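Listed here are the chains, written in short residue letters.
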Amino acid sequence: MGRAAEMIGSTPAFLRALGEAKLIVPLRSDGGHRRYSRYQLRLAARAREMVDAGTPIDAACRIIILEDQLEEAQRLNTELRRADHG
């Protein structure tokens, strides 16, 4: 967790807060250590940028979740349109 926090320029407490806000849920190693994917680290870095710019952490997490959902919906919409016209 310390290394992940270091990679995004934050603290372990910040990563725990993102977990509490349900933005990222890390996997656990056999030894109980938190393991973050590259995708989760990208989300965490985005949250850090928003919080650094003054956005409350809960709001930043909600915005990022909604952005992610919108991106996925747009991707699915594009796939469906291709299937209809292909």
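Structure: above.
Rules of the game
- Residues numbered from 1 in each chain as written.
- Predicted model: local features only at pLDDT ≥ 70, side-chain atom pairs only at ≥ 80, totals over all residues.
- Heavy atoms only, no water.
- Helix = DSSP H or I, 4+ residues; strand = E, 2+ residues; numbered from the N terminus.
- Rg over C-alpha atoms; globule rule 2.2 N^0.38 Å.
- Buried < 20%, exposed > 50% of the residue type's maximum accessible area, 1.4 Å probe, protein only.
- Contact = heavy atoms within 4.5 Å.
- Areas by Shrake-Rupley, 256 points an atom, 1.4 Å probe, with all protein chains shown as cover.
- Lys, Arg positive; Asp, Glu negative; His and termini not counted.
- Charge placed at Lys NZ, Arg CZ, Asp CG, Glu CD.
- Axes fitted to C-alpha atoms, helices over the stretch in contact; angles between N-to-C directions.
- Parallel < 35°, antiparallel > 145°, perpendicular 65-115°, else oblique.
- Nonpolar A, V, L, I, M, F, W, Y, C, P; charged D, E, K, R; others polar.
- Core = buried A, V, L, I, M, F, W, Y, C linked by side-chain atoms within 4.5 Å.
- Left-handed = near helix turned anticlockwise from the far one by under 90°.

### Here's the deal with the overall build of the protein
Then comes step 1: The helix and strand inventory of the protein stands at 4 helices and 2 strands.
Then comes step 2: The helix and strand sequence of the protein, counted from the amino end, reads α-α-β-β-α-α.
Then comes step 3: The globule rule puts the C-alpha radius of gyration for 86 residues at 12 Å, and the 16 Å found for the protein is more than 25% above it.
Then comes step 4: Counting only C-alpha atoms and orienting by the principal axes, one finds that the protein spans roughly 50 × 35 × 20 Å.
Then comes step 5: Looking at the protein as a whole, 26% of its 86 residues are labelled buried.
Then comes step 6: Of the contacts made within the protein by residues no fewer than 6 positions apart, 45% connect residues no fewer than 24 positions apart.
Then comes step 7: When the accessible surface of the protein is split by element, carbon and sulfur atoms take 52% of a total near 6,200 Å².
Then comes step 8: Averaging the positions of the 14 positive and the 12 negative side-chain charges in the protein gives two centres separated by 4 Å.

### Here we look at the packing of helix 2 (residues 12-20) against helix 3 (residues 38-52)
Then comes step 1: As a packed pair, helix 2 and helix 3 sit with axes 11 Å apart at the nearest point and diverge in direction by 105°. When the axes of helix 2 and helix 3 are compared, the pair comes out roughly perpendicular. Across the interface between the two elements, F14, L15 and L18 from helix 2 touch A44, A47, R48 and V51 from helix 3.
Then comes step 2: When grouped by side-chain class, the residues that make up the contact of helix 2 with helix 3 number 6 nonpolar, no polar and 1 charged.

### Quick look at the nonpolar core
Then comes step 1: L15, L18, L23 and I24 are the most contacted members of the largest nonpolar core, which has 18 residues in total.
Then comes step 2: Elements supplying a minimum of two residues to this core: helix 1 (2-8), helix 2, helix 3 and helix 4 (57-85).
Then comes step 3: A total of 6 residues in this core trace back to one element, the largest contributor, which is helix 3.
Then comes step 4: The contact partners of L15, leaving out residues within four places of it in the chain, are M1, A4, A5, I8, S10, I24, Y36 and A44.

### Some words on the packing of helix 3 against helix 4
Axis angle and axis distance: for two packed helices, these are the angle between their axes and the distance between the axes, and together they describe the pair.
Then comes step 1: At a minimum axis distance of 9 Å, the contact between helix 3 and helix 4 shows a crossing angle of 135°. Judged by the inter-axis angle, helix 3 sits oblique to helix 4. As for the relative orientation of helix 3 and helix 4, their crossing is right-handed in sense. On helix 4, the residues touching Y39, L43, R46, A47, M50 and V51 of helix 3 are I57, A60, I63, I64, E67 and D68.
Then comes step 2: Looking at the contact of helix 3 with helix 4 residue by residue, the classes come out as 9 nonpolar, no polar and 3 charged.

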